[in-house]
Amino acid sequence: MDIKTLNIPPEVKREIEEFAAEVERLNRGEVSADDFKRFRLQQGIYGQRQDGEQMVRTKLPFGRVSADQLGCLADFADKYSNGILHVTTRQDIQFHFVKISDVPKGLQDLAEYALTTREACGNTVRNVTACHKSGTCANESFDVSPYAGAVSRFLLRHPLTQNMPRKFKIGFGGCNGCGLTAINDIGLNAVVRRENGKEIRGFKVLIGGGLGSYPQAAQLLAEFVPVKDLLRMCEAIVRIFEQYGDKKNRNKARFKFVLQKLGLEKLKELYEKEFASLSGAAYSEIKVQEDRMPDVSKFTPNHAFDSDPEFINWKSRNTCKQKQSGFYNTQIKLSLGDLTSAQARGVCQIASAYAAGYMVNTVNQNIMIPWVKEEAFGSLFGKLKEIGLHKSGTEQLRDITSCPGSETCNLGITASRGLARHLSEEMEKNHTASPELDGISIKISGCPNSCAQHHIASIGFHGAAKKVNGILTPFYELMLGGNISEAGAMFGTTVTKLPAKNIPAAVKRLTENYQQEKMAGESFVDFFARKGKMHFAALLDDLKYLPDIEKSPHSYTDFGSDKKFSLEDRGQGECAGAVTDMIQDHLAVAERSLFQGKLALEKAAFAEAVRQANRSVVASGRALLVTEGIDFTDDTESL
Ligand code: HEM
Ligand code: SF4
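None of these values were measured; they are calculated from a predicted model. (Residues numbered from 1 in each chain as written. Chains lettered and ligands numbered in written order. Predicted model: local features only at pLDDT ≥ 70, side-chain atom pairs only at ≥ 80, totals over all residues. Heavy atoms only, no water.)

## Thoughts on the site of ligand 2
Close contacts around ligand 2 come from C403, P404, G405, C409, L411, G412, S445, G446, C447, N449, S450 and C451, and that covers them all. Taken together, the residues that form the shell around ligand 2 break down as six nonpolar, six polar and no charged. (Near = heavy atom within 4 Å. Nonpolar A, V, L, I, M, F, W, Y, C, P; charged D, E, K, R; others polar.)

## A word on the confidence of the model for the protein
Mean pLDDT over the protein stands at 90; residues scoring 70 or higher make up 94%. Counting interchain partners and residues more than four positions distant, the pLDDT-below-50 stretch residues 576-580 has 18 contacts. (pLDDT = per-residue confidence, 0-100. Contact = heavy atoms within 4.5 Å.)

## So, the nonpolar core
With 54 residues, the main nonpolar core has F19, L70, L73, L85, F95, V347 and I369 as its most contacted residues. Sorting elements by how many residues they give to this core places helix 3 (residues 67-80) first, with eight residues. Composition of this core by domain shows at least three residues from each of domain 1 (1-119) and domain 3 (309-386). Those residues within four positions of I369 in sequence are excluded, and the remaining contacts are Y328, N329, T330, I332, V347, I350, A351, A355, Y358 and M359. With 46 residues, the next largest nonpolar core counts V144, A190, A236 and L264 among its residues. (Core = buried A, V, L, I, M, F, W, Y, C linked by side-chain atoms within 4.5 Å. Buried < 20%, exposed > 50% of the residue type's maximum accessible area, 1.4 Å probe, protein only. Helix = DSSP H or I, 4+ residues; strand = E, 2+ residues; numbered from the N terminus. Domains from an automatic or database assignment.)

## So, helix 10 (residues 341-354)
Between its first and last C-alpha, helix 10 extends 20 Å over 14 residues, near the 20 Å set by a 1.5 Å rise per residue. All buried positions along helix 10 are accounted for by S341, Q343, A344, G346, V347, C348, I350, A351 and Y354. (Expected span 1.5 Å × (residues − 1).)

## Digging into the coordination of the iron atom of ligand 1
Protein coordination of the iron atom of ligand 1 is limited to a single donor, C451 (SG), which sits 2.2 Å from the metal. Tracing the backbone through its elements, the reader meets C451 in the loop between strand 17 (442-445) and strand 18 (459-468). (Donors = N, O, S within 2.8 Å, 3.2 Å for Na, K, Ca; no water.)

## Looking at empty space enclosed by the protein
Under the definition given, this model contains three cavities of 30 Å³ or more. One number sums up the size of the largest cavity: a volume of about 80 Å³. Every residue along the wall of the largest cavity is listed here: V12, E15, I16, F19, Q43, L107, L110, A111, L115, T116 and T117. Broken down by secondary-structure element, the contributors of at least two residues to the lining of the largest cavity are helix 1 (10-27) and helix 4 (103-111). With four residues, the top contributor of residues to the lining of the largest cavity is helix 1. Here the residues of the lining of the largest cavity sort into seven nonpolar, three polar and one charged. Along the walls of the second largest cavity sit F62, R64, A130, C131, H132, S134, T136, Y358, V360, M368 and P370, which together make up its complete lining. (1 Å grid on protein atoms, 1.4 Å probe; cavity = no way out; pocket = protein on both sides within 12 Å on 5 of 7 lines; lining within 4 Å. Points joined across faces, edges and corners; volume = space filled by probe spheres on them.)

## What to know about the sheet that holds strand 13 (residues 338-340)
With antiparallel pairing, five strands are arranged side by side in an open sheet as 1-2-5-4-13. Edge positions in the sheet fall to strand 1 (45-47) and strand 13, since each has one partner strand and no second. Recorded for the sheet is a direction-independent mean angle of 30° between the axes of neighbouring strands. The pairing of strand 2 (residues 53-58) with strand 5 (residues 93-99) spans five bridges and is classified as antiparallel. From the neighbouring strand, E53 faces strand 5, where its bridge partner is K99. Lying over the sheet, helix 10 contacts strand 4 (84-87) and strand 13, oriented at roughly 85° with respect to strand 13. (Pairing = 2+ DSSP bridges. Axes fitted to C-alpha atoms, helices over the stretch in contact; angles between N-to-C directions.)

Listed below in structure tokens is the structure:
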């Protein structure tokens, strides 16, 4: 493939060409599916449960996306996917059902709009997240988005992060309670200090948080690291992970296990040493434009909805005052994080016509349009209604989070999206909306890995399977009382395991019980703590059982399926592709570089040929070093 587009940086062009060449090698049978897997994961491409289908994840630092970029993503959905854009819990947008042969062209289309999928999957630094209201939130200490952007750019394609022991997550919060920092490997909360009458910006630094089947809340590394040391601090921590992360056992590889093994005090010591060793390194200055007030287009107010109860409800639930007087953050509620390409184009037009022309994806899988004036609410609501995105209630009970689940994920046990869809529809039908239920969140993962973050939900579920009356049946483990707040992360307590088809009844009982028995002003989390696990186990006890299959065959199937429930097509997970066989990894790089080098030589591109040859030699050397238990990240050291 010949990439001619001029505005794509050379290293990105090279990457896409390399991807195209690898796909051709795969098609010719010159590279094994396993070796190719490690390579494509690095580029943000997951294999789906369905053979030959890929999931493509674009990396959108702190979830921000311009109208042009969202337009490009909508085109991608139409050209290469099934016309659906999916907003993820790390503020990314991903696509399903993409053919591998379409990926190189798709990557090029994305690159033209400065979008990349690179390092969105695999053992890399995943998308850097930040609270979606960064820059507009009335409670924030300062706007963290420029810092999140700087860290993201600094670590992308950084040699240190190309073959990490495991994935690594970084999240920013503008104050103490936002940004889900406690469940990241590095969590950074904005803090302002006064020194000699001057304000100094910095971050409280938390480390070693993460969910998965072994959830851990991050611990305090430092009360205050000034912003001038941000990149150096991140590099120091990543270096420690690189040195101490367990590359042999992927189940123990995450940074939280390093923290567990070494202990916080030892880690602090290592950090101080590593940080000091980087004193001579140069880091680019992080530029911050203060108090940017974007241009907002002129518009004619629309009063047609002024007395419409749906509009009044939407205004009260989906809009929130910004710190900048006269402006509002407006949230668009998505069902399961999905929107069609036509809806995405509609959102682009709305953001350009009534706001600042950009959007932010939220960790709750919705889209926020900032910089909307109150006078524009009617027009904005009207336009959202035209594209079917005017539902009210974000970050509330009905706003359920789900992972892809067994619909597309290799590791999925249950169809979490099917359950989430069913619950939302039920609640919509029965008008289950009441301000006193607003504080309850529901999150559903299709297996214990917690991609939907069920551990931090008031009502969290993860998929399981169990035999009932001798028949394998989809089940969910129920966790109650999870929460993330200024006080940190509190993980839900496992209460019981219930058949999937009894979950809607269980949710109804839980919410009704809360409404009936809660004390004035008591949150669901406090209610759970006061009543205790046994109260809820007893409340739901009869729901553990199912009628005989003859009487109720559908009780034994999963949501969205009439077929007999089975785990036969469940595959191997891809979340840690590069860990399992490091030698294979290095050899695959060596072979690939050799091949690329030969191609470059044929084209008389001598500098590129030398670069690839060097890469091939280093990678072969590293493969040998693994047999000695050594893994250097530095090329010279390896040689
Ligand atoms: C052992 C394997 C895996 C583990 C432990 C794991 C764990 C997690 C966790 C904890 C999150 C929460 C989001 C956050 O970090 O803030 C997440 C996000 C996510 N995971 Fe997984 N995951 C695994 C494999 C997979 C697989 C195989 C898929 C399906 C293709 C998948 C799909 C997702 C998606 C769509 C997200 C949303 C966020 C994003 O943009 O990264 N995960 N994962
Ligand atoms: S939680 Fe399990 S089923 Fe859901 S996406 Fe993650 S790995 Fe797949």
